[in-house]
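Fold and contact review
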Amino acid sequence: MKKSIAAAVFFFLTASSLFPQAGFSAISSMPGSFSRLGFGARGIGMGNAMSSIVEGNLVSYYNPALSAFQQDNSFSASYSFLSLDRTLNFLNFTKHFQLKSRPEDPDRDIRTPGLSLGLINAGVTKIDGRDNQGIKTGDLSTSENQFFISFSNRFSRKLAVGLAVKFYYYKLYEKVTSSGFGLDLGALYTLSERVNLSLVLSDLNSKYKWDTAPVRQENGKVTEDKFPIGKKIGLSYRIPEYKIIASAEFEGYGHGANYLRFGAEYNIYEMLFLRGGVDKLNLSTKDYPARPSLGFSYFKKLTGFTAGVDYAFVLEPYSPSGSHILGINVNF
């Protein structure tokens, strides 16, 4: 026990020195960057290497195919404590549909569908607004949101496929807003009782279309910003005798952004889980900083449902302090 804690602390303290805190990737300034930070305390605490994990509370944000593996109905909410007047919040509901088996089709109960609904809200507040004379006019704020709904189905004991539809809404300034739709496609294949393989394509057709005429009048113009398309492959490995799950992913966007991420979760005692991970190990440049993280979850069985709390801490490369993500879960 003491050795495990010591190893985790050593990893966390040294991770930031292993990956230099300098450099910049073009992907960070492309549309939808808020939606590529992760989802909730569990996922962020595991370095966002979640696309092939089918245990615990599942979120189709990481892979639209995952909701078919949800054991119970699950509701979760997370709130982030960030520096620089930023906000980042999450809501998710995942429903499991259990189909009754039939004598002539004994595997029918394996082909179970799942439904997932979610929201990511991000923004910046207390932006100093001034006119062209430098006189303060008030505080400004931005709000960027992603709503998603996904459906998945297990077509056999080994294969699940899912589709997510996403709606984006961005309020940038007063009458300057934009919205758009996008798609995610995902699949998960069970290689063995211990190993899962995942494939995901994200933000197909996602884009913002801006019209600044309401503010700049005759000087306004219409522009279109396309989201980068993400291509992800993941692998997870279960060690049930030690109650450990480990995972790794490769994700490529182009634009100098090809990432590796790793994560692990340890069921250390009954309903207490410890986890850690490293996100955004950039393969295109040595100067882009990674994001190490640690977290935990604790659940308690109550009458008719199970409630739990999640926490994650992640080091941010360009922030004066790290991020704290606090979440609650209800399984019923």
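Residues numbered from 1 in each chain as written. Predicted model: local features only at pLDDT ≥ 70, side-chain atom pairs only at ≥ 80, totals over all residues. Heavy atoms only, no water.

**Concerning a nonpolar patch on the surface**
The criterion, for reference: Candidates for patches are residues over 30% relative accessible area with no salt bridge; among them, like charges are joined within 9 Å and nonpolar side chains (Val, Leu, Ile, Met, Phe, Trp, Tyr) within 5 Å. Areas reported as accessible are Shrake-Rupley estimates using a 1.4 Å probe. Residue values count occlusion only from the protein chains shown. Within this document, salt bridges are pairs made up of a side-chain nitrogen of Lys or Arg and a carboxyl oxygen of Asp or Glu, the two lying within 4 Å of each other. Elements are defined by DSSP. Helices are runs of H or I of four residues or more, strands are runs of E of two residues or more, and each kind is numbered from the N terminus.
A grouping of Leu-117, Ile-149, Leu-163, Val-165, Phe-181, Leu-183, Leu-185, Leu-201 and Ile-229 is seen on the molecular surface, where their side chains present a nonpolar patch of about 700 Å² in accessible area. Only strand S5 (159–173) and strand S6 (176–190) provide two or more residues apiece to the nonpolar patch. Among the elements that make up the nonpolar patch, the one with the highest residue count is S6 (3 residues). Secondary-structure assignment places Ile-149 in strand S4 (residues 136–154).

**Concerning the packing of aromatic side chains**
Let me state the cut-off plainly: Two rings from Phe, Tyr or Trp (for Trp, the six-membered ring) form a pair when their centres sit within 6.5 Å of each other. Planes less than 30 degrees apart are called stacked, planes more than 60 degrees apart edge-to-face, and all others tilted. Under the scheme applied here, a residue whose accessible area is under 20% of the maximum for its type counts as buried, over 50% as exposed, and between as partly exposed, the area being computed with a 1.4 Å probe on protein chains only.
Across all of its chains, the model carries 17 aromatic pairs by this definition. Judged by centre distance (4.9 Å) and plane angle (80°), the ring pair of Tyr-79 and Phe-81 falls under edge-to-face. Tyr-79 sits in the partly exposed class, given a relative accessible area of 42%. Owing to a relative accessible area of 44%, Phe-81 belongs among the partly exposed residues under this scheme. A ring pair is formed by Tyr-170 and Tyr-208, whose centres lie 5.5 Å apart and whose planes are at 55°; its orientation type is tilted.

**Some words on the pattern of salt bridges**
Pairs can form between side chains of opposite charge once their charged atoms are near each other. What the rule picks out here adds up to 16 salt bridges. Notably, a salt bridge pairs Asp-279 with Arg-261, separated by 2.8 Å at the nearest N-O pair. Placement of the pair is Asp-279 in strand S13 (residues 272–282) and Arg-261 in strand S12 (residues 257–269), with a sequence separation of 18 residues. Classification of Arg-261 as buried rests on a relative accessible area of 4%. Bridged by salt links that share partners, the residues Glu-249, Glu-251, Arg-261, Asp-279 and Lys-280 form one connected network.

**Details of the environment of Phe-273**
We apply this condition: We call two residues in contact whenever any of their non-hydrogen atoms come within 4.5 Å of each other.
Following the sequence through the fold, Phe-273 ends up in strand S13. Linking Phe-273 and Ser-297, residues 24 residues apart in sequence, is a C-alpha distance of 5.1 Å. Contact partners of Phe-273, with chain neighbours within four places excluded, come to Glu-265, Tyr-266, Asn-267, Gly-295, Phe-296, Ser-297 and Phe-299.

**Side note on the pairing of strand S3 (residues 113–130)**
Cut-off, in case you're wondering: Criterion used throughout: strands pair if DSSP finds at least two bridges between them.
Note: strand S2 (residues 86–96) against S3, 11 bridges, orientation antiparallel. Within S3, the position partnered with Phe-93 by the bridge is Leu-117. Between the antiparallel neighbours S3 and S4 lie 5 residues, among them Gly-134 with a positive phi of about 85°.

**Quick look at the side chain of Asn-196**
What counts here: Distance and chemistry together define a polar contact, namely a pair of N or O atoms within 3.5 Å, with one atom able to donate a hydrogen and the other to accept it when in protein, and with adjacent residues in sequence counting only for side-chain atoms on both sides.
With respect to the element layout, Asn-196 can be found in strand S7 (residues 195–204). Of the residues examined, Asn-196 reaches a relative accessible area of 7% and is grouped as buried. Polar side-chain contacts of Asn-196 include one of 3.5 Å to the side chain of Thr-190. Filtering out sequence-adjacent residues up to four positions away, Asn-196 remains in contact with Ser-52, Val-54, Leu-188, Tyr-189, Thr-190, Leu-191, Gly-234, Leu-235 and Ser-236.

**Re the side chain of Ser-80**
Looking at the secondary structure, you find Ser-80 in strand S1 (residues 74–81). Here Leu-88 takes part through its backbone oxygen, which lies 2.9 Å from a polar atom of the side chain of Ser-80. The contacts of Ser-80, once residues within four sequence positions are left out, are Leu-88, Asn-89, Phe-90, His-324 and Ile-325.

**Quick notes on unusual backbone geometry**
Outside of glycine, negative phi angles account for most residues, and trans bonds account for most peptide bonds. Residues other than glycine seldom take positive phi values, yet Asp-85 does so here, at roughly 60°. Looking at the secondary structure, you find Asp-85 in the loop between S1 and S2.

**A word on the pairing of S1**
As defined by bridge partners, S1 adjoins strand S16 (residues 323–331) across 8 bridges and the pair is classed as antiparallel. Looking at S16, one finds that Tyr-79 is bridged to Leu-326. By the bridge criterion, 6 bridges tie S1 to S2 in an arrangement that is antiparallel. If you follow Ser-78 over to S2, its bridge partner there is Phe-90.

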